[in-house]
Amino acid sequence: MKAVVIEKVDGKPGQVYYPLKTIDLPIPTPSPTEVVIKILAAALNHKDLFIRQHLYPGTAFNIPLLGDGVGIVVAAGTPELESQWKGKRVILAPGRGWDRDPTGPETGNYATLGGTKFFPNELPGVTGTLQEFISFPADSIELAPLHMTNAEAAALPLCGLTAYRATFTKGQVSAGQNVLVTGIGGGVALNALQFAAARGATVFVTSSSPEKLRKAKELGASAGVNYRNPGWEKELAALLPRTRPFLDAVIDGAGGEIVEKSTGLLKHGGIIVSYGLTMGPSTPFTIKALLKNIEMRGSTMGSRKEFTEMVDLVRNKQIHPVISHSVHGFEKVDELFEVMRKAENFGKLVVMLADEGDHVSKL
């Protein structure tokens, strides 16, 4: 079977950009606890770009890339698992080592699928989703929601899980609240917008792109402001409803001045959830925020339990992940990386690897 890995070349972390290489691997044989999945579509995350730049811990040159995927179960390690799963379209839980503890992983061995040496890899088929077949633990798959295309299902796992935990477990967002989701356009931010709106919250967004702000409103945002405008927080304050003129939570992936900018908007005891720091490795916490009892909570990925809850929400609310670009075939993957490098995407970047099983798109 075909798979895509990175090829080692000389260069320092952050300066190097490893080329992609297609290799041949044996089709995996499942253990008694696994199923074999034919990958139909896979999706990129910024983790994959960081791996190519050698900026991600555990970067490996022999492990297929990508951690998002949807596929059809074609074999199983026991007759019981085969009866339960064979022929089913499934999505893969992208993390291992975190079952259900809401505070964080139960073990020190939590890792995400694809491209690194850290993902539990006792069996050669458990690697990444940028390959034709993968053997995967049967307790780490979920039925793909029937309303979703293959591209949408492939786009869901990592960003969906990260957004779900940030929004609900950490942000405690509920119906009737006002929520700010910053940097709209990335997969996590878009899922946070969709999830919060689906639960009945009023969602506001920021972006530097008027076009992305317009698209966010089409997805359910109440309003948005351009964060490049001086005093954008005052613009946002004027947009808050008179009956509830404050934010309950901020879901942020940038860092920078988010504490300073949002403190005046948040209620006393409001929550800032940080799932990323794209503006730099740290963000200052201010005395004004402290005196207002504002909490800043870090959040990354999520547990197996949260993954199931996220998929149930998507299924019950008929949520469609936003697809920015899709290509067909291993040889086109580099095109998606270029889109990500230039930050040209609004939504997820998906590679289609097979056509069968796309029940929605064939209707």
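Keep in mind the model is a prediction, meaning the values are calculated, not measured.

Colleague: Explanation requested: the overall build of the chain in the structure shown.
Modeller: Helix and strand counts for the chain stand at eleven helices and 17 strands. In summary, the chain has a C-alpha radius of gyration of 20 Å against a globular reference of 21 Å for 363 residues, a match within 12%. The principal-axis extent of the C-alpha atoms belonging to the chain is close to 60 × 45 × 40 Å. Per-residue burial over the chain gives 56% buried out of 363 residues. Of the contacts formed within the chain by residues at least 6 apart in sequence, a portion of 70% connects residues at least 24 apart. Summed over all atoms, the accessible surface of the chain reaches about 15,600 Å², with 52% contributed by carbon and sulfur. Distance between charge centres in the chain, computed from 38 positive and 36 negative side chains, equals 6 Å.

Colleague: Before we go on, may I ask you to explain the nonpolar core in this structure?
Modeller: Considering soluble globular proteins, one finds that nonpolar side chains tend to be buried as a cluster. Ranked by size, the top nonpolar core spans 54 residues in total, and within it Val181 and Phe195 carry the most contacts. Tyr18, Leu49, Phe337 and Met340 belong to the second-largest nonpolar core, a separate cluster that totals 20 residues.

Colleague: I'm lost on the packing of helix 4 (residues 157–170) against helix 5 (residues 187–198) in this one. Help?
Modeller: For any two helices packed against each other, one specifies the inter-axial angle together with the distance between the axes. Interhelical geometry of helix 4 versus helix 5 gives an angle of 55° and a closest axis separation of 8 Å. When the axis of helix 4 is compared with that of helix 5, the two are oblique. By crossing handedness, the relation of helix 4 to helix 5 is classed as right-handed. Between helix 4 and helix 5, the residues in contact are Cys159, Gly160, Thr162, Ala163, Tyr164, Thr167 and Phe168 and Gly187, Val188, Asn191, Ala192, Phe195 and Ala196, respectively. Of the residues that constitute the contact of helix 4 with helix 5, the class distribution is eight nonpolar, five polar and no charged.

Colleague: Can you help me understand the side chain of Gln131 in this one?
Modeller: Looking at the secondary structure, you find Gln131 in the loop between strand 7 (111–112) and strand 8 (133–137). Note on Gln131: relative accessible area 1%, which makes it buried. At 2.8 Å, the side chain of Gln131 forms a polar contact with the side chain of Thr127. In terms of polar contacts, Gln131 uses its side chain to reach the backbone carbonyl oxygen of Phe133, at 3.3 Å.

Colleague: For this particular structure, what's the right way to read helix 10 (residues 304–317)?
Modeller: Note: α-helices contain 3.6 residues per turn, so residues at a spacing of three or four share the same orientation. The end-to-end C-alpha distance of helix 10 is 20 Å, a good match for the 20 Å that 14 residues give at a rise of 1.5 Å each. Residues of helix 10 that are buried: Arg304, Glu306, Phe307, Met310, Val311, Leu313 and Val314. The secondary structure elements touched by the buried residues of helix 10 are strand 5 (89–92), strand 9 (141–143), helix 4 and helix 5. Gln318 sits one or two positions beyond helix 10 and adopts a positive phi of about 55°.

Colleague: Can you help me understand the packing of helix 4 against helix 10 in this one?
Modeller: Between helix 4 and helix 10, the least distance of the axes is 9 Å, while the angle of their chain directions is 95°. Between helix 4 and helix 10, the crossing angle belongs to the class labelled roughly perpendicular. Contact residues: helix 4 offers Pro157, Gly160, Leu161, Tyr164, Arg165, Phe168 and Thr169, while helix 10 offers Glu306, Phe307, Glu309, Met310 and Leu313. Residue composition of the contact of helix 4 with helix 10, by class: seven nonpolar, two polar and three charged.

The rules we used
- Residues numbered from 1 in each chain as written.
- Predicted model: local features only at pLDDT ≥ 70, side-chain atom pairs only at ≥ 80, totals over all residues.
- Heavy atoms only, no water.
- Helix = DSSP H or I, 4+ residues; strand = E, 2+ residues; numbered from the N terminus.
- Rg over C-alpha atoms; globule rule 2.2 N^0.38 Å.
- Buried < 20%, exposed > 50% of the residue type's maximum accessible area, 1.4 Å probe, protein only.
- Contact = heavy atoms within 4.5 Å.
- Areas by Shrake-Rupley, 256 points an atom, 1.4 Å probe, with all protein chains shown as cover.
- Lys, Arg positive; Asp, Glu negative; His and termini not counted.
- Charge placed at Lys NZ, Arg CZ, Asp CG, Glu CD.
- Core = buried A, V, L, I, M, F, W, Y, C linked by side-chain atoms within 4.5 Å.
- Axes fitted to C-alpha atoms, helices over the stretch in contact; angles between N-to-C directions.
- Parallel < 35°, antiparallel > 145°, perpendicular 65-115°, else oblique.
- Left-handed = near helix turned anticlockwise from the far one by under 90°.
- Nonpolar A, V, L, I, M, F, W, Y, C, P; charged D, E, K, R; others polar.
- Polar contact = N/O pair within 3.5 Å; in protein donor to acceptor, adjacent residues only side chain to side chain.
- Expected span 1.5 Å × (residues − 1).

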